[in-house]
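Breakdown of the fold
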Amino acid sequence: MSALSTFWSLWVMALVTFNLGLALFLFIWSQRVKIPTLPDGTTGHVWAHGMLREGLHKLPLWWTLFSAAMFILAIGYLVRYPGFGAFKGTLDWTEYSQLAGDRAASLGKLQDHLRRHEGQTLAQIAADADAVAMGKRLFIDNCAACHGREALGNPALGAPNLVDADALYGNDDATLLASILNGRNGIMPPLGGAIAEADITATAHYVRSLSGLPHDVALAQKGQATFTTICAACHTPQGTGNPALGAPNLTDAVWLKNGELTTIENTIRNGRSGEMPAWDKRLGEQNARLIGAWLHARRNAAPTPPAGGGK
Ligand code: HEC
Ligand code: HEC
C-alpha cells in the first residue's frame, strides 16, 4: 500500500474536518436556535392554500442522544482507525495486518494438525480420517492430472497406477516419499539400432511369454537369447524388474501402457521414458506424507480393478 501524498492527506483531512464540523455545528445550533412562534403555537407558515399550518415541536430526546452518540463514535473511530488523511490511528490497524494475523492463525492451526503426524508411519497417519481427507484433496489438486482422480494411472502418459500392489520403485514409506519429493525419471534407451528387426519381434514374443500372454513358442525361445544379453541388465534375467532403475517387472500382467505385441516392439525399438516431476518445493514433506497416507489407505481398501495403467 502506498501512503497518501501530503497534498491528498491534507485534502482528506480538510474534507473530514469541514463535513464533520458543519454537521456538528448544525446539530448544536438546532438545539439552541429560537424560532419565533405565534400565539397559536405555529410558526405562521401555511401550506397547500392554508390547509396545512406548520407547527413547532422540539426534537425528540432519543434523536438528540442518538445523534450525539454518532458524533462521539465518528470521532472515536478517526482517533483509533485510519481515515483522517495519512494519520494511521492509535490502534495502528490496517487491512493488511488484519489479513496477516488471520492467515498466521489458520496456518498455526494447520501446523498443529500436521505436527501430530511427525514421526508416524504412513499406515499410522492413514488411521486419521482428517489427514486422509487432506491427502486426497492434495492429490486431486496436484497429481490427478497425470495419475487420475482415483490414482489408477494413465497409460497414455505412462503414469502408473499408485494403488495396486505393484510398483516401479516401491511402495514402502521411504521409497514412496522419495518418488513424490524428488521425482522419478525411468529411462529405457532405444535399442532399435542394436537389435535386428527379426530379433525385436522374437524378443517381444518372449516378453509376452513371461506373463503368460499368447505368444509364438519358437520365436519366444529365439528371443530369450536377446533378452538375456541385452534386457536382463535392467529387467533381471527372470524379467522381474529392478526397482532401483524403475525397470518394470515384465512377469506380472501389469503394464505402463499395454502388453500388445506392437507396443512391446515399439518400446524395444524407440525406448521409453517416464517423467515424474519433483514436488519437494511445491508441497514439502508434511503434505507429501498426507498424500502418502491417502494412497496407503486406498491400497488397503477393497481392491479396485486397475484402469489399464499398470505398475
Ligand atoms: C506430469 C505428470 C505427473 C504428475 C503431475 C505426477 N506424476 Fe507421479 N509419476 C508420473 C510418471 C510418468 C511416473 C513414472 C515415472 C517413471 O516412469 O520413472 C510417476 C511415478 C510416480 C510414483 C512412483 C510409482 C511407482 O510405481 O513406484 C509415485 C509414488 C508418484 N508418481 C506419485 C505422484 C504424486 C503423489 C503426485 C502428486 C504430488 C504425482 N505423482 C504427480 C507422472 C506424474
Ligand atoms: C538400461 C535399462 C534397460 C534396458 C537395457 C532395457 N530396459 Fe526395458 N525398461 C527400462 C525402464 C527404466 C523402463 C520403464 C520406462 C518408463 O518408466 O516409462 C522399461 C520399460 C520396458 C517395458 C514396458 C513395461 C510396461 O510395464 O509397460 C518393456 C516391455 C521393456 N522395458 C522391455 C525391454 C526389453 C525387451 C529389453 C531388451 C531388448 C529392455 N526392456 C531393455 C529399462 C531398461
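As a starting point, this report considers the structure included with it. (Residues numbered from 1 in each chain as written. Chains lettered and ligands numbered in written order. Predicted model: local features only at pLDDT ≥ 70, side-chain atom pairs only at ≥ 80, totals over all residues. Heavy atoms only, no water.)

The immediate surroundings of ligand 1 are formed by 26 residues, with C143, C146, H147, Y169 and M276 found nearest. In this structure, G186 approaches ligand 1 through a main-chain N or O atom, which is 2.8 Å from an oxygen atom. For the shell around ligand 1, the secondary-structure elements that each account for two or more residues are α6 (144–147), α7 (173–182), β3 (184–188) and β4 (272–276). In the shell around ligand 1, the residues fall into 15 nonpolar, 8 polar and 3 charged. (Near = heavy atom within 4 Å. Polar contact = N/O pair within 3.5 Å; in protein donor to acceptor, adjacent residues only side chain to side chain. Helix = DSSP H or I, 4+ residues; strand = E, 2+ residues; numbered from the N terminus. Nonpolar A, V, L, I, M, F, W, Y, C, P; charged D, E, K, R; others polar.)

Turning our eyes to something else, we now look at empty space enclosed by the protein. Evaluation of the coordinates by the stated rule reveals 1 cavity of 30 Å³ or more. Considering only enclosed or pocket space, the largest cavity measures out at about 50 Å³ in volume. Examining the composition of the lining of the largest cavity, we find that 3 residues originate from one element, helix α11 (residues 284–300), more than from any other. (1 Å grid on protein atoms, 1.4 Å probe; cavity = no way out; pocket = protein on both sides within 12 Å on 5 of 7 lines; lining within 4 Å. Points joined across faces, edges and corners; volume = space filled by probe spheres on them.)

Attention shifts here to the coordination of the iron atom of ligand 1. Bound to the iron atom of ligand 1 on the protein side are H147 (NE2) and M276 (SD), at distances that span 2.0 to 2.1 Å. Residue M276 is classed as partly exposed on the basis of its relative accessible area of 24%. (Donors = N, O, S within 2.8 Å, 3.2 Å for Na, K, Ca; no water. Buried < 20%, exposed > 50% of the residue type's maximum accessible area, 1.4 Å probe, protein only.)

Another point: the coordination of the iron atom of ligand 2. Looking at the iron atom of ligand 2, the protein donor atoms are M188 (SD) and H235 (NE2), and they sit 2.0 to 2.1 Å from it. Relative to the metal, the 6 donor atoms surrounding the iron atom of ligand 2 lie at angles of 88 to 179°, and the coordination shape comes out octahedral. Remark: H235 occurs in helix α9 (residues 217–235) and M188 occurs in strand β3; sequence separation between them is 47 residues. (Tetrahedral: all angles 85-135°; square planar, octahedral: opposite > 155°, others 65-115°.)

A few words on the pairing of strand β1 (residues 42–47). Bridging between β1 and strand β2 (residues 52–55) involves 3 bridges; their strand directions are antiparallel. The residue bridging T42 from the neighbouring strand is G55, located in β2. Turn length for the β1-β2 hairpin, with the two strands adjacent in sequence and antiparallel, is 4 residues, and the turn residue A48 shows positive phi of about 50°. (Pairing = 2+ DSSP bridges.)

With that settled, the discussion passes to the site of ligand 2. What surrounds ligand 2 is a group of 27 residues, the closest being M188, C231, C234, H235 and L256. Take L256: an N or O atom from its main chain is 2.9 Å from an oxygen atom of ligand 2. Within the backbone of G274, one N or O atom sits 3.4 Å away from an oxygen atom of ligand 2. Looking at the shell around ligand 2, the elements that each hand over two or more residues are β3, α8 (197–210), α9, α10 (261–270) and β4. Considering each element in turn, the shell around ligand 2 owes the most residues, 4 residues, to α9. Of the residues assigned to the shell around ligand 2, the class counts are 17 nonpolar, 7 polar and 3 charged.

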